[in-house]
Amino acid sequence: MTTRTQRAWGLIVWAALAFLCAAAGCSGSGSEPAAPAGARPAPAAPTAATPAELTLDLGGGVTMELVLIRPGKFTTGAGEYGREVTISKPFYMGVTEVTQAQYQAIMGPNPSEFKGATNPVEMVSWNDAAEFCKKLSEKTRQPVRLPTEAEWEYACRAGTRTAYSFGDDASALGEYAWHGGNSEGKPHPVGQKKPNAWGLYDMHGNVWEWCADWYGGYPKGPATDPSGPASGGARVLRGGSWYRGGSGAFRCACRGGYGGPAHRGDRGGFRCAITLP
Ligand SMILES: [Ca+2]
């Protein structure tokens with residue numbers, strides 16, 4: 001497939017994604033339903049075996065920083081979804097999207113359209129991201145994987161109950177996100193905007209992020225550690241990208257998910273998670 005064909009196909013796919021997102025209630029910026037009491041994570045202290053921060057050595061002077069995410073509960077979604085989700089196990093979450101330097105250190109070639117060592121890697125499929133995690137696991141002897149969609153939203157919310165991790169006011173989005181209104185038509189080096197309360201950068205914007213789950217309907221009622229349908233045709237993407245100008249795609253609850261696991265686009269990347277032993 002030629003680059004032009006890939007990009008044209010990508011436009012079709014992302015347009016469909018935007019439609020899905022809008023259909024899923026991501027186009028507004030209103031308040032979300034209040035979460036039940038106790039929705040914030042338990043303030044468990046990190047231990048020597050589970051430090052608050054973890055640094056992986058990818059070789060060649062390249063590292064990856066992750067932070068400990070403690071168990072807790074959150075209420076997901078715009079009003080039509082509102083339901084309680086429990087994250088019962090701690091995990092580590094990448095502080096940033098995977099950069100091109102990190103991707104090259106593990107995979108070799110850099111597939112990105114917008115080249116830059118500290119830019120997020122893009123033009124990576126879900127399969128590519130999974131392969132990266134597998135190889136990084138082998139290199140570091142850590143169980144590196146993609147976050148589940150529930151873990152991603154939990155980490156994005158960082159204990160908040162609002163439309164965005166910084167509140168309900170979309171006018172502050174530019175302080176936290178590269179989006180269509182400030183990106184000048186390209187992704188930017190990771191970690192330049194403000195982090196959320198748990199120290200995670202670019203959860204809103206820059207590039208969409210692949211999650212582990214197949215895209216499908218949410219389970220009804222409360223759920224604990226949901227991991228999506230057993231099978232499907234598309235994988236979940238979260239967080240919005242440098243391309244999109246509307247504020248809806250950047251909501252903590254907004255679901256993306258289109259294109260099969262082999263789809264690549266210049267608006268899609270990922271970040272890593274690690275299961276604790
Ligand atoms: Ca992002």
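Residues numbered from 1 in each chain as written. Predicted model: local features only at pLDDT ≥ 70, side-chain atom pairs only at ≥ 80, totals over all residues.

A tally of regular secondary structure across the protein gives five helices and twelve strands. Considering the protein as a whole, with its 277 residues, one finds that 47% of them fall into the buried category. (Helix = DSSP H or I, 4+ residues; strand = E, 2+ residues; numbered from the N terminus. Buried ≥ 20, exposed ≤ 12 C-beta atoms within 10 Å, placed from the backbone.)

The next point concerns the sheet that holds strand E6 (residues 144-145). Pairing between sheet strands relies on hydrogen bonds along the backbone, with the strands arranged either parallel or antiparallel. Taken in spatial order, the five strands make up an open sheet running E1-E2-E5-E12-E6, and their pairing is antiparallel. Two strands lie at the open edges of the sheet, namely strand E1 (53-59) and E6, each paired on one side alone. Of the pairings in the sheet, the one linking E1 to strand E2 (residues 62-69) comprises six bridges and is antiparallel in character. From the neighbouring strand, Glu53 faces E2, where its bridge partner is Val67. (Pairing = 2+ DSSP bridges.)

Turning our attention to unusual backbone geometry. Located in the positive-phi region is Arg141, a residue other than glycine, with phi close to 60°. By the element assignment, Arg141 lies in the loop between helix H3 (126-140) and E6. One non-glycine residue, Asp225, adopts positive backbone phi at about 50°. Residue placement: Asp225 occurs in the loop between strand E8 (223-224) and strand E9 (235-238). Taking the C-beta count within 10 Å as the criterion, Asp225 has 13 such neighbours and is therefore assigned partly exposed.

A separate point is helix H2 (residues 100-107). Among the residues of H2, those classed as buried are Gln100, Gln102, Tyr103, Ala105 and Ile106. Gly108 lies just past H2 and shows a positive phi near 100°.

A separate point is the packing of H2 against H3. Following both chains from N to C, one finds H2 and H3 inclined at 70°, their axes separated by 9 Å at the closest point. Taken together, the axis directions place H2 and H3 in an arrangement best described as roughly perpendicular. Seen along the crossing, H2 lies across H3 with a hand that is left-handed. Each of Tyr103, Ile106 and Met107 in H2 lies in contact with H3, whose residues at this interface are Phe132, Lys135, Leu136 and Lys139. Among the residues forming the contact of H2 with H3, the class breakdown is five nonpolar, no polar and two charged. (Axes fitted to C-alpha atoms, helices over the stretch in contact; angles between N-to-C directions. Parallel < 35°, antiparallel > 145°, perpendicular 65-115°, else oblique. Left-handed = near helix turned anticlockwise from the far one by under 90°. Contact = placed C-beta atoms within 7 Å. Nonpolar A, V, L, I, M, F, W, Y, C, P; charged D, E, K, R; others polar.)

Bringing the sheet that holds strand E7 (residues 208-214) into the picture now. Spatially, the four strands line up as an open sheet ordered E10-E9-E7-E11, and their pairing is mixed. Edge positions in the sheet fall to strand E10 (255-256) and strand E11 (268-269), since each has one partner strand and no second. Both E7 and E9 contribute to a ladder of three bridges, which runs antiparallel. By the bridge assignment for E9, Trp214 is matched with Arg235. Here helix H4 (residues 149-157) sits on the sheet and contacts E7 and E9; the angle it forms with E7, its principal contact strand, is near 140°.

It is worth spelling out the confidence of the model for the protein at this point. Parts of the prediction with low pLDDT should not have their coordinates interpreted in detail. When pLDDT is averaged along the protein, the result is 85; 81% of the residues meet or exceed 70. In the predicted structure, residues 1-43 sits below a pLDDT of 50 and forms 68 contacts with residues beyond four places in sequence or in another chain. (pLDDT = per-residue confidence, 0-100.)

A word on the pairing of strand E4 (residues 83-87). For a regular strand, side chains alternate in direction, first toward one face of the sheet and then toward the other. Bridge count for strand E3 (residues 72-76) against E4 is five bridges, and the pairing is antiparallel. Bridge pairing in E4 places Phe74 opposite Val85. Across two bridges, the pairing between E4 and E8 is parallel. By the bridge assignment for E8, Val85 is matched with Ala223.

What follows deals with the pairing of E9. Across the two faces of E9 the burial is the same, with Arg235 and Leu237 and Val236 and Arg238 all buried. As defined by bridge partners, E9 adjoins E10 across two bridges and the pair is classed as antiparallel. Note that in E10 the partner of Arg238 across the bridge is Arg255.

If you trace the backbone, Ala49 turns up in the loop between helix H1 (3-23) and E1. The sequence separation of Ala49 and Leu276 amounts to 227 residues, and the corresponding C-alpha distance is 9.3 Å.

What follows deals with H3. If you check H3, its first and last C-alpha atoms are 21 Å apart, about what 15 residues at 1.5 Å a residue would give, namely 21 Å. Lining the buried residues of H3 we find H2, E6, E7 and E9. Looking one or two places after H3, you find Arg141, whose phi comes out positive at around 60°. (Expected span 1.5 Å × (residues − 1).)

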